[in-house]
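Each chain, written out:
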2 protein chains.
Amino acid sequence: MTKKFEEKTIHSTPIYEGKVVDLRVDEVSLPNGKTTKRELIKHPGAVAVIAITKENKILFVEQYRKPLEKSLVEIPAGKVEHGEAPEVTAKRELEEETGYTTGELSFVTSFYTSPGFADELMHIYITDEVEKMEEPIGSDEDEFVDVLELTLDEAKELVEQERIHDAKTTYAILYLHALGR
Amino acid sequence: MTKKFEEKTIHSTPIYEGKVVDLRVDEVSLPNGKTTKRELIKHPGAVAVIAITKENKILFVEQYRKPLEKSLVEIPAGKVEHGEAPEVTAKRELEEETGYTTGELSFVTSFYTSPGFADELMHIYITDEVEKMEEPIGSDEDEFVDVLELTLDEAKELVEQERIHDAKTTYAILYLHALGR
């Protein structure tokens, strides 16, 4: 881990503790000795799954995204629960959101979604061993999603239309494209 | 624009207005008639540039990321200033952060970095026409960055080491890989 140009905290002010995010503002000392303020969002981290069916379709969910005031088509994803391993979250979110399950998840990559102001780390997995659950478990009570099964070409079309328009899903489609699927 | 499963705002509570982000909490009505709360970060949007030199090196900047308490190696990027076209921001950030300029930027893609809680839209551009500025203009006074010029293979090595570990840069490297550069 590199700490180049480290900004040491002089004073930390908690602003808000929420269900999904916390916000605090830190006064920090800069490498030139001056001070500035950094607005910091704490997030528990997230997972997403590139899930491919036997028919070579990719599973997506469409849901309303309040910050954008519109719905997006995304790969299945969710927040990591406290103390949960990301693979466990990934399998659970796949089951809850799509009604499919899998025995096998392979790690693809991870990335900080927005390191300038947030610590959210996104973990992406892939599986081509999904199977429909006989007794789907359903979503969280405040989550409403539609499941879509699309070919890669159909998904690329939704990128063009900006109905697919988020970091993890855009990455996933480029990843499958690069694999030559 | 699709509004499937729209969540209408019943009441909006502003929590914080910052330099980079605003936070508010909305009480919303769900498709089943129940209500819930959504924590919403407003962000002005951002740009990033995949900048390639005549020697076929990619330009990166290393900087401290306070939310992560470590430094990351990223492609040059920055916040869109109020009223500024993203291409203009992209050229300005390239100049300020790297001391290189370009006459030509091509649009690669855009994505919402974290649509579950934030409206930040990232625009990515590419240029292989960069030139060193004779009189570099320097960075913002609270920004400290080191410039790195790397081959694609060297950049992939930093992905392995997690020194490159953010959404836009991970996407950029996969994009160049897929292009067969």
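Quick caveat: nothing in here was measured; it's all calculated off a predicted structure.

Criteria and cut-off values
Residues numbered from 1 in each chain as written. Chains lettered and ligands numbered in written order. Predicted model: local features only at pLDDT ≥ 70, side-chain atom pairs only at ≥ 80, totals over all residues. Heavy atoms only, no water. Helix = DSSP H or I, 4+ residues; strand = E, 2+ residues; numbered from the N terminus. Contact = heavy atoms within 4.5 Å. Buried area = accessible area lost by both parts, 1.4 Å probe. Salt bridge = Lys/Arg side-chain N within 4 Å of Asp/Glu carboxyl O. Polar contact = N/O pair within 3.5 Å; in protein donor to acceptor, adjacent residues only side chain to side chain. Nonpolar A, V, L, I, M, F, W, Y, C, P; charged D, E, K, R; others polar. Domains from an automatic or database assignment. Pairing = 2+ DSSP bridges. Axes fitted to C-alpha atoms, helices over the stretch in contact; angles between N-to-C directions.

S.K.: Give me the lowdown on the side chain of R92(B), citing residues and values where you can.
M.R.: Structurally, the position occupied by R92(B) is in helix 1 (residues 86-98). When near neighbours in sequence (up to four residues on either side) are disregarded, R92(B) contacts K79(B), E81(B) and E84(B).

S.K.: Account for the interface of chain B and chain A, naming residues and giving values.
M.R.: Each partner contributes to the interface: chain B provides 72 residues, whereas chain A provides 72 residues. Surface buried jointly by chain B and chain A totals about 6,300 Å² across both partners, of which 63% is contributed by carbon and sulfur atoms. The tally of links between chain B and chain A comes to three salt bridges. K4(B) serves as the salt-bridge partner of D146(A), at 2.4 Å between the closest nitrogen and oxygen. For the pair chain B and chain A, the number of links is 34 residue pairs in polar contact (both at pLDDT 80 or more). When contributions to the side of chain B that touches chain A are tallied by element, the ones reaching two or more residues are strand 1 (8-17), strand 2 (22-29), strand 3 (35-42), strand 5 (58-65), strand 6 (70-74), strand 9 (106-112) and helix 3 (167-179) of chain B. In the side of chain B that touches chain A, the residues fall into 30 nonpolar, 16 polar and 26 charged.

S.K.: Report on the domain arrangement of chain A, specifying residues and quantitative values.
M.R.: Residue and element names in this part refer to chain A. Domain boundaries assigned for chain A yield domain 1 (8-42) and domain 2 (46-179). Look at where the C-alpha atoms of domain 1 and domain 2 centre, and you get two points 31 Å apart. Interface of domain 1 and domain 2: buried area, both sides summed, is about 420 Å²; carbon and sulfur atoms make up 44% of it. Interface area lost by domain 1 to domain 2 is led by V20, I41 and K42, which between them contribute 69%. Remark: the boundary between domain 1 and domain 2 carries one salt bridge. In this structure, D119 and K42 form a salt bridge, with 3.2 Å as the shortest nitrogen-oxygen distance. Where domain 1 packs against domain 2, one counts three residue pairs in polar contact (both at pLDDT 80 or more). In the side of domain 1 that touches domain 2, the residues fall into three nonpolar, no polar and three charged.

S.K.: Provide a residue-level description of the sheet that holds strand 2 of chain B, including the pertinent values.
M.R.: Residues and elements named next belong to chain B. Strand order in this open sheet of three strands is 1-2-3, and the pairing throughout is antiparallel. Two strands lie at the open edges of the sheet, namely strand 1 and strand 3, each paired on one side alone. Looking at each pair of strands side by side, their axes are set apart by 20° on average, direction ignored. Here strand 2 pairs with strand 3 via eight bridges, running antiparallel. Counterpart to E27 in the pairing with strand 3 is K37.

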